[in-house]
Amino acid sequence: MPGSGLILAIESSCDETAAAVVERGARTLSSVVASQIATHARYGGVVPELASREHLRAIVPVVRAALAQANITLADLDAVAVTSGPGLAGALLVGITYAKALAFANHLPLIAVNHLEGHIHAVLLNERSLPDGQSTPDNDPALALVVSGGHTHLYLASPANGTWHYTLIGRTLDDAAGEAYDKVAKLLGLGYPGGPWIDALAQHGNPHAVLFAFSQIKPKVHLLGQPPRTKAAKTAPIANLDPHFLFSFSGIKTAVLRYVELHNLRPEAESRRETLFTGPNAPAKPTIEDALATCDPQTLDLIASFQHAVVGDLLKKTFAAAESLSVPRILVTGGVAANRELRSRFTAEAARHHVTVSFPTLALSTDNAAMIAAAAWPRFLAHDFAQPDLSADPSLA
Ligand code: KG4
Ligand code: ZN
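Residues numbered from 1 in each chain as written. Chains lettered and ligands numbered in written order. Predicted model: local features only at pLDDT ≥ 70, side-chain atom pairs only at ≥ 80, totals over all residues. Heavy atoms only, no water.

Enquirer: Would you mind showing me how to read the coordination of the zinc ion (ligand 2) here?
Expert: Surrounding the zinc ion (ligand 2) are the protein donor atoms H115 (NE2), H119 (NE2) and D367 (OD), which sit 2.0 to 2.1 Å from the metal. In the primary sequence, the donor residues of the zinc ion (ligand 2) line up as H-x3-H-x247-D. With H115 in helix 4 (residues 115-128) and D367 in the loop between helix 13 (362-365) and helix 14 (370-381), this pair connects stretches of sequence that are 252 residues apart. With relative accessibility at 5%, the residue H115 sits in the buried group. Using a relative accessible area of 14% as the deciding quantity, one classes D367 as buried. (Donors = N, O, S within 2.8 Å, 3.2 Å for Na, K, Ca; no water. Helix = DSSP H or I, 4+ residues; strand = E, 2+ residues; numbered from the N terminus. Buried < 20%, exposed > 50% of the residue type's maximum accessible area, 1.4 Å probe, protein only.)

Laid out in structure tokens, this is it:
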């Protein structure tokens, strides 16, 4: 029955086609995610054309499944929400076009949601669903670290008049942390996405075996303050940011590459790829145990050391920003927030600093539509609806 605060959200910004029904931005009635991992795995990354094609294939069944699991029909909805950016243009357009058609045909308002805001609301959605007394009230500002395959961004999220406002505090100057995980995994002959493989294999290595120099994860601050050259839109906002809160992960990726070449680990990585994925006897669904059997201690140490350096850098800058802004609450979200070492080190550091740190559930860490419905709820209350000419904005700020 309309009026009960039911929002159907659609997310198709990258390689997951997702739909969810959430009540009043707090109670998830369904959350369906069709992953395209199998399609992209052999390429070691997302192929945009294939992603659009897979979204087209999946969007109708995924939306139907979300409605069926929520035990509702389109007539019960109050609004349709959709990710409008940032992301892959063709992929975003599939979700936007379908959401627009659904909204138009069913006389429902359409709400455009920024994917990054969605990731932040994944944590808030999780907190809202906790029993009274265990959740942090929604009226406190928070420092949000959005750390995924496409982003490593720090925002100050402040609630005001029922909606949220975001101030960019820091971001990566080059690769996102998840991108570094994916590239290092590819280099070592592991699967795509790389994060879960590295996360699991790192438990078996010595995180202090390979020391990555600080300069390998230090952003090129000499670029700050220079007049924007080619990528004006990208460079300009950085000039206003504190260099202490900028990230850079392309250096560590190159350092891993150098280590692999110096220690002649390439042939081993190639044969691992064959054993696990491309060879005639490769298992249909390789497991972590299969991967572990192909790794010698030196490779496991490299993996553990890489992860230790990346997590250490995220930790140091996030807590420095929280301290500098005097914010006692940190939210960590996005695919990399699923990482075990990240969760345990952030939790321990938060206790030392007397601040709270929250993560989404594992299912809400990676891309999903429940987070989009949660972010849409304050916009629904504020009647902040999208225009009929809504289009994809791949580089939405
Ligand atoms: O949020 P997400 O699903 O999609 C983007 O918006 O990018 O994040 C995907 C990223 C990938 O780079 C993947 O390798 C990384 O999150 N990831 C992880 C883990 N699970 C996923 N990184 C580290 N540890 C994990 N357990
Ligand atoms: Zn994402």
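Enquirer: Sorry if this is basic, but what is going on with the sheet that holds strand 5 (residues 110-114) here?
Expert: Strand pairing in a sheet takes place through backbone hydrogen bonds and is either antiparallel or parallel in direction. Across the sheet, five strands lie side by side as 3-2-1-4-5; this open sheet has mixed pairing. Single-partner strands in this sheet number two, and they are strand 3 (27-35) and strand 5. On average, each strand axis in the sheet is inclined to that of its neighbour by 20 degrees, with strand direction left out of account. Where strand 4 (residues 79-85) and strand 5 come together, five bridges link them in parallel fashion. (Pairing = 2+ DSSP bridges. Axes fitted to C-alpha atoms, helices over the stretch in contact; angles between N-to-C directions.)

Enquirer: Which parts of the structure should I look at to understand the packing of helix 6 (residues 194-202) against helix 11 (residues 297-325)?
Expert: How two helices sit against one another is set out by the angle between their axes and by the gap between those axes. Relative to each other, helix 6 and helix 11 sit at 110 degrees, their axes nearing to 8 Å. Taken together, the axis directions place helix 6 and helix 11 in an arrangement best described as roughly perpendicular. The hand of the helix 6/helix 11 crossing is left-handed. Residues I198, D199, L201 and A202 of helix 6 lie in contact with helix 11, whose contacting residues are L300, I303, A304, F306 and Q307. Across the contact of helix 6 with helix 11, the residue classes break down as seven nonpolar, one polar and one charged. (Parallel < 35°, antiparallel > 145°, perpendicular 65-115°, else oblique. Left-handed = near helix turned anticlockwise from the far one by under 90°. Contact = heavy atoms within 4.5 Å. Nonpolar A, V, L, I, M, F, W, Y, C, P; charged D, E, K, R; others polar.)

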